[in-house]
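Now for the letters of each chain:
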Amino acid sequence: MSVGLNAVGEKFFNQVIIVNAVSAITNAELLIGSINQPNQTAVKRQFGNLVPSWKKVEITYLLGDLNEDYLDTPRYIDIFHGNNEKIKSQLDLISNNNYVLSSAMYKHSHKTINAL
């Protein structure tokens, strides 16, 4: 990790990459807490907070264009930049079958925030 850390500088790493990751984790935890409450408005609000914080994390995947040490798998699973799949019909098919969810959602694109 020290090679990648030195490529953009420790200050950038600490003030951008780490801050964005912590924010996304916090928003994910708040969303989980909201899901456990019977308040759909809170769930929608927390999901709305999670999306931009996760997108800030995803932006760091652009660093792979600057230095291949920063290439990350999630960068390549974004359905909107790949095959332009019809994700709604795929997710409808998954939700209407009786397969175990982990097996039915075998494609990485089914698991992205963009799929939601």
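Residues numbered from 1 in each chain as written. Predicted model: local features only at pLDDT ≥ 70, side-chain atom pairs only at ≥ 80, totals over all residues. Heavy atoms only, no water.

**Here we look at the overall build of the protein chain**
At step 1: Check the secondary structure of the protein chain and you find six helices and zero strands.
At step 2: Start at the N end of the protein chain and walk to the C end: the helices and strands fall as α-α-α-α-α-α.
At step 3: Among the 116 residues that make up the protein chain, the fraction classed as buried is 27%.
At step 4: Contacts spanning at least 24 positions in sequence make up 47% of the contacts within the protein chain whose residues lie at least 6 apart.
At step 5: Taken as a whole, the protein chain presents about 8,400 Å² of accessible surface, with 58% of it coming from carbon and sulfur. (Helix = DSSP H or I, 4+ residues; strand = E, 2+ residues; numbered from the N terminus. Buried < 20%, exposed > 50% of the residue type's maximum accessible area, 1.4 Å probe, protein only. Contact = heavy atoms within 4.5 Å. Areas by Shrake-Rupley, 256 points an atom, 1.4 Å probe, with all protein chains shown as cover.)

**So, the side chain of Gln 46**
At step 1: On the secondary structure map, Gln 46 appears in helix α3 (residues 40-59).
At step 2: Those residues in contact with Gln 46 that sit more than four places away from it in its chain are Asn 27, Leu 30, Leu 31 and Ser 34.

**Digging into the side chain of Asn 20**
At step 1: Note that Asn 20 resides in helix α2 (residues 10-35).
At step 2: Those residues in contact with Asn 20, other than ones at most four positions away along the chain, are Ser 53, Lys 56 and Val 57.

**Looking at α2**
At step 1: Here α2 is 26 residues long and its end C-alpha atoms lie 36 Å apart, about the 38 Å a rise of 1.5 Å per residue gives.
At step 2: In α2, a bend of some 25° at Ile 18 exceeds every other bend along the element.
At step 3: Among the residues of α2, those classed as buried are Phe 13, Ile 17, Asn 20, Ala 24, Asn 27, Leu 31 and Ser 34. (Expected span 1.5 Å × (residues − 1). Bend = angle between axes of the 7 residues up to and from the residue.)

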